[in-house]
Amino acid sequence: MMTTDNLATEFETFQGELKSFILRMTASAQDAEDIVQETFIKAHSKIDTFRGESSLKTWVFAIASNLTKDMLRAKQRWPENVTDICREAALSNEVFFQQAMQIRQTSPQGKFEIKEHISFCFTCVSKSLPLEQHLALLLKEVYGFKVKEIAEIIDQSDDMVKYYLRVARSKMIEVFDHRCSLINKEGVCYQCTELNGIFNPKQKEQEELVKIKMVRDAEKSSKEELFALRMQILQELDPFESDAAELQLHHLEHNRQVMEKHLTERQ
Amino acid sequence: MNASVASMAQEGKATTVKKTFSRETSVYININADPSVVWALLTNASDYARWNSTVVSLEGEIVQGEQIALKSTLDPKRTFTLKVKEFEPEKRLVWGDNMGNRAYIIEKGEAGQVTFTMSERIGGPLFPLFARAIPSFDESFEQIAADLKKEAETISSSKN
């Protein structure tokens, strides 16, 4: 039987993953912190209902997913061209760039790396997916849960999870194929290299780009393989712990605020 | 689909019954998938063009009472504005306009199988005047049924 002491110990082993998962759902570091705490409190108070039919991690992710859904349900999803809208807003926001430069120059987590921005970009663009599809896709592709576990976490049938995954993957593959200049020369978005030029002016960009397998393989791989490589980048990055964390979280908060305003004005 | 059409029909093959003032086309197909998956495919407007090769685009929200805008490969320059008239989750969806209605029916069969039936009746007092100008739906109906079966079964049989 699971005790509250066991819970605390086990919770700690996946707390980082849980927090990054919620960040990637909400695009808010503050919400991620709050929901992780709330999840622990809820798990602690309901530990006697945990029967061990799933792993504790699956059970806890289910609690967190419900809290995240409750928070996001009333909010509109972001548009696919979120990065275009936020780029426009950033260009007219001097304070944003001053703060970003300050972080870049002084913070130990202020590096700018293209792969970090790829992960950041996916967090923004994937918020265009319907909520259930977004949850299923992240849980599967980034956090490695099985279909059955995802079905338990989001309280849907296995078949519906498969449906969400199929549609979500297909949508994200198409969006990035049309937009991302790293994988398609015709892609309209080149923000990662543009920002790299601003934050790392002396760096040889091509040398940085070839370090990224998704970019190296862009011409010879299928859209599906490139999507899998994009997911691999996310799997390998902890958005709270990496050397670029503070800079990217600052940028993410900017985009979140721009989107809240944009969506409110559109209503 | 009415009983007389059903009794004549062959799975996956469209049947059309022509009358002076109306025309009704139907098709049915058995699908090895959960009704929820078939329903999800039928009610996600923005995803139609991905799996349904007869649809150029479908805009709007497929929920009771809402209007949707359909562009079909049968006449890609024309946009059909349709109203969702019936919406019974995992069972029945009907949309249409003044000319006629299209019904999608999902019936749960044995162990993980559903029978999907699609029918469309067009007609009215003026129908004889323009009947010849309306192309046959048979091929398009067979294609939709085949596309839906393929997509739903691909999803249900996927391992990951």
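Residues numbered from 1 in each chain as written. Chains lettered and ligands numbered in written order. Predicted model: local features only at pLDDT ≥ 70, side-chain atom pairs only at ≥ 80, totals over all residues.

Residues and elements named next belong to chain A. Taken domain by domain, chain A holds domain 1 (1-75) and domain 2 (77-266). Computed from C-alpha coordinates alone, the two centres of domain 1 and domain 2 are separated by 23 Å. Tallying the contact residues gives 19 residues for domain 1 and 21 residues for domain 2. Those elements that provide at least two residues to the side of domain 1 that touches domain 2 are α1 (4-26) and α3 (56-72). Partitioning the side of domain 1 that touches domain 2 into residue classes produces 8 nonpolar, 6 polar and 5 charged. (Domains from an automatic or database assignment. Contact = placed C-beta atoms within 7 Å. Helix = DSSP H or I, 4+ residues; strand = E, 2+ residues; numbered from the N terminus. Nonpolar A, V, L, I, M, F, W, Y, C, P; charged D, E, K, R; others polar.)

Moving on to unusual backbone geometry. Peptide bonds are, in most cases, trans, and in most cases residues other than glycine have a negative phi. Of note in the backbone geometry, A:Ala27 takes a positive phi value of approximately 65 degrees without being a glycine. Note on A:Ala27: 25 C-beta atoms within 10 Å, which makes it buried. In this structure, B:Glu90 takes a positive phi of about 65 degrees despite not being glycine. (Buried ≥ 20, exposed ≤ 12 C-beta atoms within 10 Å, placed from the backbone.)

Bringing the interface of chain B and chain A into the picture now. In this complex, chain B contributes 12 residues to the contact, which on the side of chain A involves 9 residues. Secondary structure elements with two or more residues in the side of chain B that touches chain A: α2 (35-43) and α5 (138-157) of chain B. Sort the elements by how many residues they give to the side of chain B that touches chain A and α2(B) lands first, with 3 residues. Residues of the side of chain B that touches chain A, tallied by class, amount to 4 nonpolar, 5 polar and 3 charged.

This next bit is on the packing of helix α7 (residues 131-142) of chain A against helix α9 (residues 158-179) of chain A. Residue and element names in this part refer to chain A. The interhelical angle for the contact between α7 and α9, taken along N-to-C directions, is 90 degrees, at an axis separation of 8 Å. Compared by their axis directions, α7 and α9 come out roughly perpendicular. Contact with α7, carried on its side by Glu 132, Gln 133, His 134, Ala 136, Leu 137 and Lys 140, involves Val 161, Tyr 164, Leu 165, Val 167, Ala 168 and Arg 169 of α9 and no other residues of that element. Taken together, the residues of the contact of α7 with α9 break down into 7 nonpolar, 2 polar and 3 charged. (Axes fitted to C-alpha atoms, helices over the stretch in contact; angles between N-to-C directions. Parallel < 35°, antiparallel > 145°, perpendicular 65-115°, else oblique.)

Turning our eyes to something else, we now look at the sheet that holds strand β8 (residues 114-123) of chain B. Residues and elements named next belong to chain B. Strands sit in the order β1-β2-β8-β7-β6-β5-β4-β3 across an open sheet of 8 strands; the sheet is antiparallel. What marks the edges here is a single partner per strand, and that holds for β1 (15-19) and β3 (55-60). For this sheet the average axis-to-axis angle between neighbouring strands, irrespective of direction, equals 20 degrees. Here strand β2 (residues 22-31) pairs with β8 via 10 bridges, running antiparallel. Bridge pairing in β8 places Ser 26 opposite Ser 119. Contacting β2, β6 (92-96), β7 (100-108) and β8, α2 runs over the sheet at an angle of about 160 degrees to β7. Most of the contacts of α5 go to β2, to which it runs at about 20 degrees, and overall it touches β1, β2 and β8. (Pairing = 2+ DSSP bridges.)

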